[in-house]
Amino acid sequence: MGRTGKSIVKADINEVISDLMKAYADEWLAHYQYWVTAQWIRGIDADTLRAILLKQSEDELKHAEKLAQRIIQLGGEPVLDFSKLLQTSGCGYIAPPTDPTDLKRVVEDVLKSEACAIKFYNEMVKKYRETDYVTHEIFEDLLEDEVEDEEEWDKIYSKM
Ligand SMILES: [Fe+2]
Ligand SMILES: [Fe+2]
């Protein structure tokens, strides 16, 4: 990143990178969780859920892209070693249920992941409001998306 772009960041750059990395790993793991769950599930409502899971899986990957670009801009590296993703993440990874027809569990697990992301992004939006406008805006966009995701899953869950 250019000198001026860096100089306007009033927060500690290493701390910003570390928060972005956490989010990056979370997004990647959510992307994978939703994608592999979409492949795995079976049952009457599985096709409906599959379509939503695949769409949101794509959205989480786009979130990871935004975070990766900001990490690089600040002089950091996104997680280059795949095996480090889990330890870098804040929310961890929830594997799909062993029973592929347990769709209620699937939705509960997605809701857990979304809730964790919402809490973290909300914290980040507060944290960087005055100290890093660009990072702040990324976290704000992501927060908005996750709130929408949760709402969609909440509606599905209430009908199960
Ligand atoms: Fe996301
Ligand atoms: Fe999401």
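Our subject is the structure that appears above.
Residues numbered from 1 in each chain as written. Chains lettered and ligands numbered in written order. Predicted model: local features only at pLDDT ≥ 70, side-chain atom pairs only at ≥ 80, totals over all residues.

1. So, the overall build of the chain
If you tally the helices and strands in the chain, you get 6 helices and 0 strands. If you list the helices and strands of the chain from N to C, you get α-α-α-α-α-α. Relative to a compact globule of 160 residues, whose C-alpha radius of gyration would be 15 Å, the chain shows 17 Å and is just as compact. C-alpha extents for the chain along the principal axes are approximately 55 × 30 × 20 Å. A buried classification covers 31% of the 160 residues belonging to the chain. (Helix = DSSP H or I, 4+ residues; strand = E, 2+ residues; numbered from the N terminus. Rg over C-alpha atoms; globule rule 2.2 N^0.38 Å. Buried ≥ 20, exposed ≤ 12 C-beta atoms within 10 Å, placed from the backbone.)

2. Re the environment of G43
Looking at the secondary structure, you find G43 in the loop between α2 (13-40) and α3 (46-73). Judged by the 13 C-beta atoms lying within 10 Å of it, G43 falls in the partly exposed class. If we skip the residues at most four places from it in the chain, G43 touches T101 and L103. (Contact = placed C-beta atoms within 7 Å.)

3. Some words on helix α5 (residues 103-128)
In an α-helix there are 3.6 residues to a turn, and that puts residues three or four apart on one side. Helix length check: α5 (26 residues) gives 37 Å between terminal C-alpha atoms against 38 Å at 1.5 Å per residue, within 8%. Where α5 is buried, its residues meet α2, α3 and α6 (133-158). (Expected span 1.5 Å × (residues − 1).)

4. Remarks on the packing of α5 against α6
Interhelical geometry of α5 versus α6 gives an angle of 155° and a closest axis separation of 8 Å. Put simply, α5 runs roughly antiparallel to α6. In the packing of α5 onto α6, the handedness of the crossing is left-handed. Of the residues belonging to the contact of α5 with α6, the class tally is 17 nonpolar, 3 polar and 5 charged. (Axes fitted to C-alpha atoms, helices over the stretch in contact; angles between N-to-C directions. Parallel < 35°, antiparallel > 145°, perpendicular 65-115°, else oblique. Left-handed = near helix turned anticlockwise from the far one by under 90°. Nonpolar A, V, L, I, M, F, W, Y, C, P; charged D, E, K, R; others polar.)

5. Considering the packing of α2 against α3
The N-to-C vectors of α2 and α3 enclose an angle of 160°; their axes lie 8 Å apart at closest approach. Comparing the axis directions of α2 and α3 gives the class roughly antiparallel. Seen along the crossing, α2 lies across α3 with a hand that is left-handed. Of the residues assigned to the contact of α2 with α3, the class counts are 17 nonpolar, 5 polar and 4 charged.

6. As for the nonpolar core
Counting 32 residues, the largest nonpolar core has L20, Y24 and L67 as the members making the most contacts within it. Looking at this core, the elements that each hand over two or more residues are α2, α3, α5 and α6. If one sorts the elements of this core by residue count, α2 sits on top with 12 residues. Residues contacting Y24, with those up to four places away along its chain left out, are A64, L67, A68, I71, P78 and V79. (Core = buried A, V, L, I, M, F, W, Y, C linked by C-beta atoms within 7 Å.)

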